[in-house]
Amino acid sequence: MNKITIIGSGSVGATIGYTLTVMGLASEIVMIDINNNKALGEALDIRQGTPFCSPCSIYAGSYPDSKDSDIVIITSGVARKPGQSRLDLAQTNVNIIKSIIPEITRYAPDAIYLIVSNPVDILTYTFCKCSGLPESRIIGSGTILDTARLRARLAEYYSINQLNVHAYVLGEHGDSSFVPWSLANISNIPVQDYHSSIESADRIMPPLDFDDVEKYVRKSGGRVIERKGATFYAVSVSVCHIVKCILTGIDTTMTVSTMLNGEYGIDDVCLSLVNIVGHKGAESKILLPLNDAEQASLRKSAECLKEIIRQVEI
């Protein structure tokens, strides 16, 4: 029996609920939204398809219904409006999450919390500072989506199975994110050497343009929003991957946002490193052998986030 509460039933929250149901990850899903009618509609729409999925009870509820949840997923918040600064958005959504924290932790004090709302690193930091819960049980989705986008792009470029691609995006889920290319590989071949390692004459391809790939990853969200209004499929699959790893209890490495306490000389900020995630949450970080330039990029990303933290009221 796995119980999951989703706070926020917009495009992302509803798609997470749908994906959890189709993947058979939960036996009970509670959807909570300030717009209760929206939560009722989304839950009903998903519930009517459950006869063809694993058994699952999915319904709209309120905070008391979250009691005994194993995982709470927070997707609530407002989207960035035209002309609105990132800082304005940060303060608005910090205020929203601060209002949610005492309500939800009262009823689900032992849950693992997954923060998905943006700016995700700032909101994960806010949750750590205001909830009083152990930091290991507070996980931001961070750059797991960016990492998925990176791997999908590299797999597409080289026409290879995505599972053969091993590469990460670290730092902020935002403009200061970076790829530690020194560690990226395809089937244990450094990614910069892969094109010259292929024997088949039918698979000749040019060397990879690293800057172009990083730009693609950073701009992907904006491109999707420009074309269809919102992003929700890829982030939902990414969040459900985190959920699956928590519930199975099989420790799995992934890039998620957690509090730093001196790693790489950085502390008191949440950003994405490679974490080991299992049934107790994000139990430990893996300190990758980053080169000097990559460590500088990580510190720059941390400073960008700290500058926002200094300017918002938490």
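Numbers given to residues run from 1 along each chain, matching the order in which its sequence is written. Owing to the predicted nature of the model, reporting of local features is limited to residues with pLDDT of at least 70; listing and counting of side-chain atom pairs is limited to 80 or more, with chain, interface and lining totals taken over all residues. The basis for the side-chain values is all heavy atoms of the structure; hydrogens and waters are excluded.

**Student:** Can you help me understand the overall build of the protein chain in this one?
**Tutor:** Strands are runs of DSSP state E lasting at least 2 residues, helices are runs of H or I lasting at least 4, and numbering of each runs from the N terminus. Regarding its fold elements, the protein chain presents nine helices and twelve strands. Here the radius of gyration uses the C-alpha set of atoms, whereas the globule reference equals 2.2 Å times the residue count to the power 0.38. Against the globule reference of 20 Å for 314 residues, the protein chain gives a C-alpha radius of gyration of 20 Å, in line with a compact fold. Projected onto its principal axes, the C-alpha positions of the protein chain cover 60 × 50 × 40 Å. Counting over 314 residues, the protein chain shows a buried share of 48%. In this description, contact between two residues means that some pair of their heavy atoms is separated by no more than 4.5 Å. Of all intrachain contacts in the protein chain linking residues separated by at least 6 positions in sequence, the fraction that spans at least 24 positions is 69%. Per-residue accessibility takes into account occlusion by the displayed protein chains alone, with areas from the Shrake-Rupley method and a 1.4 Å probe. Just so you have it, the protein chain exposes about 14,600 Å², and 51% of that area is on carbon and sulfur atoms. Residues counted as positive are Lys and Arg, residues counted as negative are Asp and Glu, and His and the chain ends are not counted. Charge placement uses NZ in Lys and CZ in Arg. For Asp and Glu, CG and CD serve respectively. Of note, the protein chain has its 28 positive side-chain charges centred 3 Å away from the centre of its 34 negative side-chain charges. Between buried and exposed lies partly exposed: a residue is buried under 20% and exposed over 50% of the maximum accessible area for its type, with that area taken using a 1.4 Å probe on protein chains only.

**Student:** Before we go on, may I ask you to explain the pattern of salt bridges in this structure?
**Tutor:** Two side chains of opposite charge can pair, provided their charged atoms sit close to one another. In the sections that follow, a salt bridge refers to a side-chain nitrogen of Lys or Arg positioned within 4 Å of a carboxyl oxygen of Asp or Glu. Counted by the stated rule, this structure contains ten salt bridges. Where Asp 267 meets Lys 306, a salt bridge forms, and the shortest distance between an N and an O atom there is 3.9 Å. Taken together, the residues Asp 267 in strand β11 (residues 267-278) and Lys 306 in helix α9 (residues 292-311) connect sequence positions 39 residues apart. You can call Asp 267 partly exposed: its relative accessible area is 40%. For Lys 306, a relative accessible area of 22% puts it in the partly exposed group. Linking Glu 303 and Arg 310 is a salt bridge whose minimum nitrogen-to-oxygen distance equals 2.5 Å. Each member of the salt-bridge network shares a partner with another, and the members are Glu 303, Glu 307 and Arg 310.

**Student:** Got a minute to help me understand a positive patch on the surface in this structure?
**Tutor:** Among the surface-exposed residues, Lys 215, Lys 219, Arg 223 and Arg 227 lie close enough to one another that they form a single positively charged patch. Along the chain, Arg 227 turns up in helix α7 (residues 210-228). Candidates for patches are residues over 30% relative accessible area with no salt bridge; among them, like charges are joined within 9 Å and nonpolar side chains (Val, Leu, Ile, Met, Phe, Trp, Tyr) within 5 Å.

**Student:** Got a minute to help me understand the environment of Val 256 in this structure?
**Tutor:** If you trace the backbone, Val 256 turns up in strand β10 (residues 252-261). Overall, Val 256 belongs to the buried group, its relative accessible area being 0%. Sequence spacing of Val 256 and Tyr 194 is 62 residues, and the spatial spacing of their C-alpha atoms is 27 Å. Ignoring any residue separated from it by four or fewer positions in sequence, one finds Val 256 in contact with Ile 139, Gly 140, Ser 141, Ile 242, Leu 271, Ser 272, Leu 273, Asn 275 and Val 277.

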